[in-house]
Amino acid sequence: MTTPLLPAPARSGRGSIRMHLDRGEHPATRVPLLGADLDNPPAVCGGCANTVLKRLDDGRERLKCGLLPRGSRGLRGPDLRESMPACVKYAAASAAPRNT
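Since we're looking at a predicted model, the values are computed, not measured.

Engineer: Just to check I follow, could you spell out the overall build of the protein for this structure?
Structural biologist: Counting secondary structure elements, the protein contains one helix and three strands. Overall, the protein shows an N-to-C arrangement of helices and strands of α-β-β-β. The buried share of the protein, taken over its 100 residues, is 28%. Once local pairs closer than 6 in sequence are excluded, the contacts in the protein between residues at least 24 apart make up 56%.

Shown next, in the form of structure tokens:
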């Protein structure tokens, strides 16, 4: 007798970044978000003076938080999106993100 194959249950998936945002904390700095409305934040990481642009060896670029120290592998926490809600350590940027 064979057992029928059952499809795996669908997973809605809440990645770690989304879970931090749902808790009201920034995924990189782990401090509270500047505003409570995730769909309409008062400020975003893309406009913060603390963001840095990391250029990878293959030419790709990643937006990182400059408030985090570099780890043993030269990383600075998770990749950020320009539209990600900013944390309470937000500082208005005067120009484009600086390079690392």
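Engineer: Is there a simple way to think about the side chain of Thr29 in this case?
Structural biologist: Mapping Thr29 onto the fold places it in the loop between helix 1 (16-22) and strand 1 (51-55). Look past the residues within four positions of Thr29 in its chain and what remains in contact with it is Cys65, Leu67, Leu68 and Cys87.

Engineer: How do you make sense of the confidence of the model for the protein when you look at a structure like this?
Structural biologist: For residues with low pLDDT, the predicted coordinates do not support detailed interpretation. When the pLDDT values of the protein are averaged, the result is 82; 75% of them are 70 or greater. By mean pLDDT, the top-scoring element of the protein is strand 2 (residues 61-65) (91), and the lowest-scoring one is strand 3 (residues 98-99) (63).

Engineer: So what exactly am I meant to see when it comes to the side chain of His26 here?
Structural biologist: For His26, the position within the fold is in the loop between helix 1 and strand 1. Within polar-contact distance, the side chain of His26 engages the backbone nitrogen of Ala28 at 3.1 Å. Among residues more than four places away in sequence, those in contact with His26 are His20, Val31, Leu33, Cys45, Leu80, Met84, Pro85, Ala86 and Cys87.

Engineer: Please clarify how the state of the cysteines should be interpreted in this entry.
Structural biologist: By definition, a disulfide links two cysteine residues through a covalent bond between their sulfur atoms. A complete count under the given rule lists zero disulfides for this structure. The thiol of Cys65 is not disulfide-bonded; the next cysteine sulfur, from Cys87, is found 6.2 Å away. By relative accessible area, Cys65 is classed as buried at 6%.

Conventions used here
Residues numbered from 1 in each chain as written. Predicted model: local features only at pLDDT ≥ 70, side-chain atom pairs only at ≥ 80, totals over all residues. Heavy atoms only, no water. Helix = DSSP H or I, 4+ residues; strand = E, 2+ residues; numbered from the N terminus. Buried < 20%, exposed > 50% of the residue type's maximum accessible area, 1.4 Å probe, protein only. Contact = heavy atoms within 4.5 Å. pLDDT = per-residue confidence, 0-100. Polar contact = N/O pair within 3.5 Å; in protein donor to acceptor, adjacent residues only side chain to side chain. Disulfide = S-S within 2.5 Å.

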